[in-house]
Amino acid sequence: MKHKKSFFKGALFGALVVLLGISAVSCSLGKAGNAAEADSDKMELLNALIDEYYTGEVDEEKLETGIYKGYIEGLEDPYSAYYDQDETAKMTEMTTGEFGGIGVVVTQDKETQTIRVMQVYEDSPADNAGIKEGDIFYKIEGEDITGQDINAVVKKIKGEIGTTVQLTMLRGDNREEKEFAVKRDTIVEQTVESKMAEEGIGYIRITEFASVTYDQYKEAMDSLEEQGMERLIVDLRNNPGGNLKTVCQILDLMLPEGLIVYTEDKNGEKEEYTSDAEHVFEKPLVVLMNGNSASASEIFGGAIQDYGTGEIVGTQSYGKGLVQQIFDLQDGTSVKLTIAEYFTPKGRNINGTGITPDVEIEYVYDENNPDRDNQLEKAIETVKNI
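In this text, all values refer to a predicted model and were calculated from it rather than measured experimentally. (Residues numbered from 1 in each chain as written. Predicted model: local features only at pLDDT ≥ 70, side-chain atom pairs only at ≥ 80, totals over all residues. Heavy atoms only, no water.)

Colleague: I'm lost on the overall build of the protein in this one. Help?
Modeller: Summing up its helical and strand segments, the protein has nine helices and 21 strands in all. Out of the 386 residues in the protein, the part that is buried amounts to 44%. Taking contacts inside the protein between residues at least 6 apart in sequence as the whole, the part at least 24 apart equals 68%. Approximately 20100 Å² of the protein is accessible, and the part contributed by carbon and sulfur atoms is 46%. (Helix = DSSP H or I, 4+ residues; strand = E, 2+ residues; numbered from the N terminus. Buried < 20%, exposed > 50% of the residue type's maximum accessible area, 1.4 Å probe, protein only. Contact = heavy atoms within 4.5 Å. Areas by Shrake-Rupley, 256 points an atom, 1.4 Å probe, with all protein chains shown as cover.)

Given below as structure tokens:
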């Protein structure tokens, strides 16, 4: 894949709506014009009022963080934000798709607040220790974590590679206690799932576009080809996006030579990403999308649609056509700012509108058959008729 300029070299994620593909740029904390000039008299007055009258505990670090967060929030841009040290570290993990942990995916029950193992990565520390899907986290390092927020529990499970975490799990209907000493290791997030949906129809689901996603996607494609894939469905439903570089690498495997996407900043300067002629996917293709398919997912769907190499099935996508950049503030914190718009190969800006499917179908939950997926069924029907 050819990249005409070196401005974008990586990416970092936001929360539900993630940025598209960016580099971390270092800068020192400074003033941005007159707006950044702090009114020291007013700050002194606020501090004096807090000291004199406020009855609660004062955390100076949180007050300082609040100033920075509030300053960026004043932009009234839902995609720009200030991140403290913990948030910045978490974002770095999400970008790379690698972290120090034990290799489980967990979920928290809304009613009971219990945290249960949904998935155990194959050959992970958790797998090798004997932790199984369905196990419930009871204690971590001897501390009862029942009722704690899932994010706090995940933070306790993760940690420095090579360290050991003591876990007490509950298993089965009788809640049998199981003790595990699990040594943390580098965990590579599984962002791609694949299978043969039907004979000759390959199915690939991408949950997000992290740095590890390209290799996982290519491996999935190679495996499906070996199994005799004649048609392909790429499922991007509920994929919030991610790394622009990664989605362009994947599209380079799919598209003919030409423009994949371009961005345009406030000064009208354009950055282009292109595909070469080395790889072209010429078999029938369907891309599944829904209202939670955003950002890099929309770049994927928009490029496939513009080139006419496949059909989009599902519902209107989220509609995020903006690019954010992370600036490293050199003290473990960072700030994310919207710095450009992106456009599909045909020049479409889908911000606020999204990608319109070629075949529209809403997901309908089947009480009699909860595992039924009517959208996937429609995708299979569609790809057979291409």
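Colleague: Is there a simple way to think about the packing of aromatic side chains in this case?
Modeller: Aromatic ring pairs: the centre-centre distance and the angle between the two ring planes describe each pair. For the structure on display, the rule yields two aromatic pairs. The interplanar angle of 50 degrees and the centroid separation of 5.2 Å between the aromatic rings of tyrosine 68 and tyrosine 82 together place this pair among those described as tilted. Of the two residues, tyrosine 68 is situated in helix α2 (residues 60–73) and tyrosine 82 in strand β3 (residues 81–83); the sequence distance between them amounts to 14 residues. Ring geometry for tyrosine 262 and phenylalanine 343: centres 5.0 Å apart, planes at 10 degrees, overall stacked. A residue pair is termed long-range when its members are at least 10 positions apart, and tyrosine 262 in strand β15 (residues 258–265) and phenylalanine 343 in strand β20 (residues 334–343) qualify at 81 residues. Residue tyrosine 262 is classed as buried on the basis of its relative accessible area of 13%. With a relative accessible area of 11%, phenylalanine 343 lands in the buried category. (Phe/Tyr/Trp six-rings, centres within 6.5 Å; stacked < 30°, edge-to-face > 60°.)

Colleague: Honestly, the side chain of serine 297 in this entry has me stumped. Any pointers?
Modeller: Relative to the helices and strands, serine 297 is located in helix α8 (residues 296–307). A residue is classified by how much of its surface remains accessible, and serine 297, at 0% relative accessible area, is buried. Those residues in contact with serine 297 that sit more than four places away from it in its chain are Phe209, Leu236, Asn239, Gly241 and Met289.

Colleague: So what exactly am I meant to see when it comes to the pairing of strand β5 (residues 104–108) here?
Modeller: Look at any regular strand and the pattern is simple: side chains alternate between the two faces of the sheet. Along β5, the buried face is formed by Val104, Val106 and Gln108; none of Val105 and Thr107, which line the opposite face, is buried. When β5 meets strand β6 (residues 115–120), the two strands line up antiparallel, connected through five bridges. Of the residues in β6, the one forming a bridge with glutamine 108 is isoleucine 115. Hairpin connection, β5 to β6: the antiparallel pair is bridged by six residues, and glutamine 113 has positive phi, about 65 degrees. (Pairing = 2+ DSSP bridges.)

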